[in-house]
Amino acid sequence: MIVNPEIEKYLESLHRFNDPVLEKMERLAQKLNFPIVGRQVGMFLYILTKQKKPSLVVELGSGFGYSGYWFAKGLDRGLVALIDYKEENINKAKDFFKEAGIQNRALFFTGDAVEVARQFQDIDILFLDLEKSRYLEAVEKLKNNLSEDALIIADNVLWHGKVVDENPDKKTKAIKEFNEYMFRNFNSVILPIRDGVLLAMKKSI
Ligand SMILES: C[S@@+](CC[C@H](N)C(=O)[O-])C[C@H]1O[C@@H](n2cnc3c(N)ncnc32)[C@H](O)[C@@H]1O
């Protein structure tokens, strides 16, 4: 993690969002050691969604639906498309959404996230949490599928702090290349919460 562990613990301790399905998902993530975005990023996604009122959110790399759940909770109308190439993940996501009674806010897909997402037009929020080496390819392939004032959000862009390594490995190089591309071609900012979250919009300045 990027943030001092004590600060991280403090930030986590502040959260007071009680939701039994969300808590069940968090317990599952802990049991499986599955990398979910966690509460801080989750609430960030929720607030952005509430404020932006998107018609379509597309998630690349949904796992069993934890981040998608936060998007869905933030939707007044509109849909979130959850995509993962593991069917068992998507089946779990379907079950969790059903349990929470929010399955009508979501579309579920199994397959390569970048390829599946190409069927969508006017994506208002594109969320990247798939394999890190595909981030740049995903944005290049999907940039024409975005709405005019779309937001792009990408998780893990500080990659456990490895972005400042003197001899970065292949994955780290791919993340750095993605970050540089995003800062060159979009108005971008990286929030150093958890593992680093990038937020971007089309250039206006
Ligand atoms: C970090 S986890 C996602 C966690 C999820 N966003 C959350 O916070 O709850 C990454 C997921 O992306 C999936 N994945 C990775 N590359 C993918 C691809 N090219 N297409 C579809 N799914 C992919 C993996 O199966 C895994 O479930």
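Because the structure is predicted, anything quoted here is derived from the model rather than measured.

Undergrad: Quick question: what am I supposed to make of the pairing of strand S2 (residues 79–84) here?
TA: It is a general feature of regular strands that their side chains alternate between the two faces of the sheet. Across the six residues that make up S2, a large majority, five, are buried. Two strands pair when backbone bridges link them, and strand S1 (residues 56–60) and S2 are joined in this way by five bridges, in the parallel orientation. Across the sheet, Val58 pairs through a bridge with Ala81, a residue of S2. Chirality of the crossover, the property in question, places the unit of S1, helix H4 (residues 66–74) and S2 among those that are right-handed. Of the pairings in the sheet, the one linking S2 to strand S3 (residues 106–110) comprises five bridges and is parallel in character. The partner of Val80 across the bridge, within S3, is Ala106. With helix H5 (residues 87–100) bridging S2 and the parallel S3, this β-α-β connection has right-handed handedness.

Undergrad: Where do I start with the site of the ligand in this structure?
TA: Neighbouring the ligand are 19 residues, the closest being Gly61, Gly63, Tyr66, Ser67 and Ala113. Of all the elements in the fold, those that place two or more residues in the shell around the ligand are H4 and S2. Across the shell around the ligand, the residue classes break down as eight nonpolar, five polar and six charged.

Undergrad: Got a minute to help me understand the sheet that holds strand S6 (residues 186–191) in this structure?
TA: Note on sheets: strands pair through backbone hydrogen bonds, and any given pair is parallel or antiparallel. Read across the sheet, seven strands follow the order S3-S2-S1-S4-S5-S7-S6 without closing on themselves; strand pairing throughout is mixed. With one partner strand each, in any of the chains shown, S3 and S6 form the two edges of the open sheet. Geometrically, the sheet is characterised by an average inter-axis angle of 15° between neighbouring strands, direction not taken into account. In terms of strand pairing, S6 meets strand S7 (residues 197–202) through six bridges, oriented antiparallel. Opposite Asn187, over in S7, you have Met201 as the bridge partner.

Undergrad: When you look at the environment of Pro168 in this model, what are you seeing that I'm missing?
TA: Mapped onto the elements of the fold, Pro168 is located in the loop between strand S5 (146–155) and helix H8 (170–185). For Pro168, the contacting residues outside a window of four places in its chain are Lys162, Lys173 and Lys176.

Undergrad: Can you walk me through unusual backbone geometry in this structure?
TA: Backbone geometry follows two general trends: most residues other than glycine have a negative phi, and most peptide bonds adopt the trans configuration. Its identity is not glycine, yet Trp159 carries a phi of approximately 45°, on the positive side. As for its position among the elements, Trp159 is in the loop between S5 and H8. Despite not being glycine, Arg194 has its phi angle at roughly 45°, a positive value. For Arg194, the position within the fold is in the loop between S6 and S7. Look at Arg194 and you get buried, because 22 C-beta atoms sit within 10 Å.

Undergrad: How should I be thinking about the nonpolar core in this particular structure?
TA: In a soluble, globular protein the nonpolar side chains are often hidden away together inside. Leu60, Leu126 and Ile152 are the most contacted members of the largest nonpolar core, which totals 56 residues. For this core, the leading source of residues is S5, giving six residues. Dropping the residues within four chain positions of it, Leu60 is found in contact with Ile83, Ala113, Val114, Ala117, Phe127, Leu128, Asp129, Leu130 and Ala138.

Here is what the cut-offs are and how they apply
Residues numbered from 1 in each chain as written. Predicted model: local features only at pLDDT ≥ 70, side-chain atom pairs only at ≥ 80, totals over all residues. Buried ≥ 20, exposed ≤ 12 C-beta atoms within 10 Å, placed from the backbone. Helix = DSSP H or I, 4+ residues; strand = E, 2+ residues; numbered from the N terminus. Pairing = 2+ DSSP bridges. Right-handed = clockwise from strand over helix to strand, strands pointing away. Near = placed C-beta within 6 Å. Nonpolar A, V, L, I, M, F, W, Y, C, P; charged D, E, K, R; others polar. Axes fitted to C-alpha atoms, helices over the stretch in contact; angles between N-to-C directions. Contact = placed C-beta atoms within 7 Å. Core = buried A, V, L, I, M, F, W, Y, C linked by C-beta atoms within 7 Å.

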